[in-house]
There are 2 protein chains.
Amino acid sequence: MRIVILGAGNVATHLAKAMDENCGNVVQVYSHTLKNAVSLAQTLRNAKPIDDFSNVTRDADLYVISVKDDAISTVVDAIDVDAGIVVHTSGSVSVDVLNRKFEKSGVLYPLQTFSCDVAVDISAIPFFVEGCNEITSSLITDVAKRLSHRIYYADSAQRKQLHVAAVFGCNFVNYLWLQADEILKGAGYDFKILEPLILATLDKAVRVSPLKGQTGPARRGDIDIINAHKRLLTLDKATLYQMLSQCIMKKYDIDYE
Amino acid sequence: MRIVILGAGNVATHLAKAMDENCGNVVQVYSHTLKNAVSLAQTLRNAKPIDDFSNVTRDADLYVISVKDDAISTVVDAIDVDAGIVVHTSGSVSVDVLNRKFEKSGVLYPLQTFSCDVAVDISAIPFFVEGCNEITSSLITDVAKRLSHRIYYADSAQRKQLHVAAVFGCNFVNYLWLQADEILKGAGYDFKILEPLILATLDKAVRVSPLKGQTGPARRGDIDIINAHKRLLTLDKATLYQMLSQCIMKKYDIDYE
């Protein structure tokens, strides 16, 4: 299988390496910035770095567009392919962007945050596959299964739900960890001391459920502690504390006096 | 060292077992409900179950009060000790509750959520120690070091900050996982698929910092995605999404149009 990687960012880098090892030969790496294409191509077995769309080969088997969401359509407009499959790797962009031009198109969305400098065990990452038709879906799934053992199907509507779930479960959660970090620093502690408790909370949420795993002052309806905590906090943090406590009490039908 | 455990709940159970193995002999287990005292005492080497405060021995070396916060003062009123150290295990209660009666008193607060039926590696749990004076502090620290390799000092003010940080970092976080769980269920997926991404987010927060690890639509100021996500959500979830996105944009000085 001859593969072309379009993009040289974090996702493109991790995918290119894993695909070159497990799925076939990455023959070209395109980046707007030649230097980035060269850096990535050097880590692969036999890939040519390019920075001009007109040099993209027409006869590869798989084209992986892994660029920023709003640059995907630029790549679509700029490349022509004979019979290969064209996929993008975005959680937010519909497959239609590819569909309107390419006969075999789809999505290969890894639900993970990548950093170029951090090694990732790609085989444990959940990948979500969509194809413009059943045959293409199945071809993309075959590729995905060589990368990871966690392959799921997701159409564009499901992928949007996955993305918004990840915003709640990771981005917003990180913001709450930031609040905890600031409070801990103020008391002379490192955020790391909270890690065992966070891991135990996550473990319970995964093994049982977040619904049954909910604990804390709001879940118990402990108004005295809630008020005492609010008095300890800055205005912004107290407002957030109040709002989230009310959400929890509402969820569990606990009266707020 | 002769130890008396007062309480037979989750924390008392885990501490009693660990102390009986590593710190000395648990000689008595008190519970308001004899059956619970018996159950716990049976798991220990040589402990007597009791349900009457008048039977609590006066000459133990360490008394561990591990009951609900609002029951601590009842235990304090009910027991008399000759020269032993009396500690409670609460994150929210001041050491003064013990101080007013006992010469040697303090706190031994494990920052962890316990379930009776789940085995816990107690040696990895952070314990926070306070003593009414330096000698007592140091004695309690000696006990704590036999339980865990993560021992910190925390006075009552610091312990309150630890508790409120844990509410943000664990209780409120679990509530956001609940939102994610509901969204994922609606799209036909299990919460478990988010676990690798959550672990990667936590890893980054611990190794770098939550401040630098923040990602997502709000951090990028991606108003289009924020609005698209809000349209996908129920009113309650959209309100929470909006509120948290605004908090993040404010924190990172991103204009909200």
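Residues numbered from 1 in each chain as written. Chains lettered and ligands numbered in written order. Predicted model: local features only at pLDDT ≥ 70, side-chain atom pairs only at ≥ 80, totals over all residues. Heavy atoms only, no water.

### Quick word on the overall build of chain A
Within chain A, the secondary structure is distributed over eleven helices and eight strands. Whereas a compact globule of 257 residues would reach a radius of gyration of roughly 18 Å, chain A reaches 23 Å, over 25% beyond that. When the backbone C-alpha atoms are referred to their principal axes, chain A occupies close to 70 × 40 × 30 Å. Taking all 257 residues of chain A together, the buried fraction comes to 56%. For chain A, long-range pairs separated by at least 24 residues make up 50% of all intrachain contacts whose partners lie at least 6 apart in sequence. Total accessible area computed for chain A in this model is approximately 11200 Å², and 48% of it derives from carbon and sulfur atoms. Across chain A, the centroid of the 27 positively charged side chains sits 3 Å from that of the 30 negatively charged ones. (Helix = DSSP H or I, 4+ residues; strand = E, 2+ residues; numbered from the N terminus. Rg over C-alpha atoms; globule rule 2.2 N^0.38 Å. Buried < 20%, exposed > 50% of the residue type's maximum accessible area, 1.4 Å probe, protein only. Contact = heavy atoms within 4.5 Å. Areas by Shrake-Rupley, 256 points an atom, 1.4 Å probe, with all protein chains shown as cover. Lys, Arg positive; Asp, Glu negative; His and termini not counted. Charge placed at Lys NZ, Arg CZ, Asp CG, Glu CD.)

### Quick word on the packing of aromatic side chains
One pass over the full model with this rule turns up 18 aromatic pairs over all chains. Residues A:F128 and B:Y189 carry aromatic rings whose centres are separated by 5.3 Å and whose planes lie at 85° to one another, so their mutual orientation is edge-to-face. Here A:F128 is found in strand β7 (residues 127–131), whereas its partner B:Y189 is found in the loop between α6 (156–186) and α7 (195–207) on a different chain. B:Y189 shares its class with A:F128; the two are buried. Their ring planes at 70° and their centres at 5.8 Å tell us that A:Y241 and B:F168 sit as a pair that is edge-to-face. Residue A:Y241 is located in helix α11 (residues 235–251), and its partner B:F168 is located in helix α6; the two belong to separate chains. (Phe/Tyr/Trp six-rings, centres within 6.5 Å; stacked < 30°, edge-to-face > 60°.)

### Here we look at the relation of the copies chain A and chain B
For the pair chain A and chain B, the superposition axis carries a translation of 0.0 Å, the fit reaches an RMSD of 0.1 Å, and the rotation angle comes to 180°. The superposition of one copy onto the other is thereby described by a two-fold rotation axis. Every residue of chain A has its C-alpha some distance from the rotation axis, and the shortest such distance is that of A:V173, at 2.7 Å. Comparing contact sets, 100% of the residues at the interface of chain A also lie at the interface in chain B, consistent with an isologous, same-surface contact. (Least-squares fit on C-alpha atoms with pLDDT ≥ 70 in both.)

### A word on the interface of chain A and chain B
In this assembly, 80 residues from chain A lie in contact with 80 residues from chain B. With both chains or domains summed, chain A and chain B bury close to 7600 Å², and 73% of this area falls on carbon and sulfur atoms. At the surface where chain A touches chain B, the tally comes to four salt bridges. The partner of A:K250 in a salt bridge is B:D236, and the shortest N-O contact between them spans 3.3 Å. Our count for the chain A to chain B interface comes out at 22 residue pairs in polar contact (both at pLDDT 80 or more). Those elements giving two or more residues to the side of chain A that touches chain B turn out to be β8 (151–153), α6 (156–186), α7 (195–207), α8 (210–213), α10 (223–232) and α11 of chain A. The dominant element in the side of chain A that touches chain B, judged by the number of residues it contributes, is α6(A), at 26 residues. Across the side of chain A that touches chain B, the residue classes break down as 50 nonpolar, 18 polar and twelve charged. (Buried area = accessible area lost by both parts, 1.4 Å probe. Salt bridge = Lys/Arg side-chain N within 4 Å of Asp/Glu carboxyl O. Polar contact = N/O pair within 3.5 Å; in protein donor to acceptor, adjacent residues only side chain to side chain. Nonpolar A, V, L, I, M, F, W, Y, C, P; charged D, E, K, R; others polar.)

### What to know about the environment of B:A18
Residues and elements named next belong to chain B. Following the sequence through the fold, A18 ends up in helix α1 (residues 10–22). For A18, a relative accessible area of 9% translates into the label buried. With 130 residues separating them in the primary sequence, A18 and S148 have C-alpha atoms 9.6 Å apart.

### Some details on the state of the cysteines
Taken as a whole and assessed by the stated rule, the structure comprises zero disulfides over all chains. Just so you know, A:C170 is unpaired, no disulfide at all, and the nearest cysteine sulfur is the one on B:C170, 15 Å from it. Exposure remark for B:C170: the relative accessible area of 4% places this residue in the buried category. (Disulfide = S-S within 2.5 Å.)

### Quick word on the side chain of A:S156
All names here are of chain A. Within the secondary structure, S156 is located in helix α6. A polar atom in the side chain of S156 sits 3.0 Å from the side chain of E130. A distance of 3.3 Å separates polar atoms of two side chains, one belonging to S156 and the other to R159. The residues touching S156, leaving out its near neighbours within four places in the chain, are S94, V95 and E130.

### Examining unusual backbone geometry
For residues that are not glycine, phi is negative in most cases, and the peptide bond is trans in most cases. Backbone geometry at A:D253 places phi at a positive 55°, although glycine is not the residue there. Tracing the backbone through its elements, the reader meets A:D253 in the segment after α11.

### Here's the deal with the sheet that holds strand β4 (residues 62–65) of chain A
Residue and element names in this part refer to chain A. Ordered by their spatial adjacency, eight strands build an open sheet running β3-β2-β1-β4-β5-β6-β7-β8, and the pairing between neighbours is mixed. Two strands lie at the open edges of the sheet, namely β3 (48–50) and β8, each paired on one side alone. Taking the axes of each pair of neighbouring strands and ignoring which way they run, one obtains an average angle of 25° across the sheet. Examined bridge by bridge, strand β1 (residues 2–6) and strand β2 (residues 25–30) share five bridges and lie parallel to one another. Within β2, the position partnered with I5 by the bridge is V29. Sitting on the sheet, helix α2 (residues 34–42) touches β2 and β3, and the angle it makes with β3 is about 165°. (Pairing = 2+ DSSP bridges. Axes fitted to C-alpha atoms, helices over the stretch in contact; angles between N-to-C directions.)

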